[in-house]
Amino acid sequence: VQLQASGGGLVQAGGSLRLSCAASGRTFSSYAMGWFRQAPGKEREFVAAISWSGGSTYYADSVKGRFTISRDNAKNTVYLQMNSLKPEDTAVYYCAAISPIAGTLMGPIDYWGQGTQVTVSS
């Protein structure tokens with residue numbers, strides 16, 4: 001699976017962006033998918049994840065209620081709708097294909113996308 005993230009950009013605080021992650025390969029629907037981010041000088045952190053069916057989602061506390069993850073398996077694409085953006089959301093955002101541990105949405109990351117920059121100005 002190859003992952004191509006897009007949709008990043010510069011936005012003012014309080015604004016919105018929608019990130020997309022297009023996947024190649026016929027096994028996309030067998031993976032849970034996640035978004036992670038890495039701010040300058042910080043470690044990469046989890047943002048959100050979604051099950052293979054789209055029926056289950058999980059969010060980091062810092063984005064809960066502001067971000068929404070979704071997927072369209074017919075289009076091999078996962079999305080991250082980001083609303084009420086804050087300067088602290090500034091980071092490079094990465095999508096990832098996850099082989100989830102049974103009963104969870106997390107597990108080993110099998111594939112990473114290349115990242116897309118999100119910058120939120122105050």
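Going by the structure above, here's the rest.
This report concerns the structure included in the present document. (Residues numbered from 1 in each chain as written. Predicted model: local features only at pLDDT ≥ 70, side-chain atom pairs only at ≥ 80, totals over all residues. Heavy atoms only, no water.)

Some points on the environment of Ser51
With respect to the helices, strands and loops of the structure, Ser51 is situated in the loop between β5 (45-50) and β6 (57-59). Exposure remark for Ser51: the relative accessible area of 9% places this residue in the buried category. C-alpha separation for the pair Ser51 and Ser122, spaced 71 residues apart in sequence, amounts to 34 Å. Ignoring anything within four residues of it in the chain, the contact list for Ser51 reads Ala32, Ser56, Arg71 and Leu105. Reaching out from Ser51, the side chain makes a polar contact with the backbone nitrogen of Gly55 at a distance of 3.2 Å. (Helix = DSSP H or I, 4+ residues; strand = E, 2+ residues; numbered from the N terminus. Buried < 20%, exposed > 50% of the residue type's maximum accessible area, 1.4 Å probe, protein only. Contact = heavy atoms within 4.5 Å. Polar contact = N/O pair within 3.5 Å; in protein donor to acceptor, adjacent residues only side chain to side chain.)

Quick word on the packing of aromatic side chains
For the structure shown, the criterion picks out 5 aromatic pairs. Their ring planes at 70 degrees and their centres at 5.1 Å tell us that Phe36 and Trp112 sit as a pair that is edge-to-face. Taken as a pair, Phe36 in strand β4 (residues 32-38) and Trp112 in strand β10 (residues 109-112) lie far apart in primary sequence, 76 residues in all. What makes Phe36 buried here is its relative accessible area of 9%. Of the residues examined, Trp112 reaches a relative accessible area of 38% and is grouped as partly exposed. Clustering of aromatic rings is evident, with ring pairs tying together Phe36, Phe46, Tyr58, Tyr94 and Trp112. Across the ring face of Tyr94, the terminal group of Arg44 is positioned such that the distance to the ring centre comes to 3.7 Å. Stacked on the ring of Trp112, the Lys or Arg Arg44 has its end atom at 4.4 Å from the ring centre. (Phe/Tyr/Trp six-rings, centres within 6.5 Å; stacked < 30°, edge-to-face > 60°. Lys NZ or Arg CZ within 6 Å of the ring centre and 35° of its normal.)

What about the pattern of salt bridges?
Enumeration over the complete set of coordinates arrives at 4 salt bridges. For the salt bridge of Glu45 with Arg37, the shortest nitrogen-to-oxygen distance reads 2.6 Å. Overall, the relative accessible area of 37% leaves Glu45 in the partly exposed class. Look at Arg37 and you get buried, because its relative accessible area is 5%. In this structure, Lys64 and Asp61 form a salt bridge, with 3.1 Å as the shortest nitrogen-oxygen distance. Using a relative accessible area of 48% as the deciding quantity, one classes Lys64 as partly exposed. A single network of salt bridges, built from pairs that share partners, joins Arg37, Glu45, Arg66 and Asp89. (Salt bridge = Lys/Arg side-chain N within 4 Å of Asp/Glu carboxyl O.)

Some details on the nonpolar core
Membership of the largest hydrophobic core comes to 37 residues, with the highest contact counts inside it found for Met33, Trp35, Leu80, Met82 and Tyr93. For this core, the secondary structure elements donating two or more residues are β1 (2-6), β3 (17-24), β4, β5, β7 (67-72), β8 (77-82), β9 (91-98) and β11 (116-121). Of the residues forming this core, the biggest block, 6 residues, is contributed by β9. Every residue in contact with Leu80, bar those within four places of it in the chain, is listed here: Leu17, Arg18, Leu19, Trp35, Val47, Ala48, Phe67, Thr68, Ile69 and Tyr93. (Core = buried A, V, L, I, M, F, W, Y, C linked by side-chain atoms within 4.5 Å.)

Concerning the environment of Ser70
Here Ser70 lies in strand β7. Each C-alpha atom of the pair Ser70 and Ser51 lies 9.4 Å from the other, and the pair is 19 residues apart in sequence. Once residues within four sequence positions are removed from consideration, Ser70 is found in contact with Ile50, Val78 and Tyr79.

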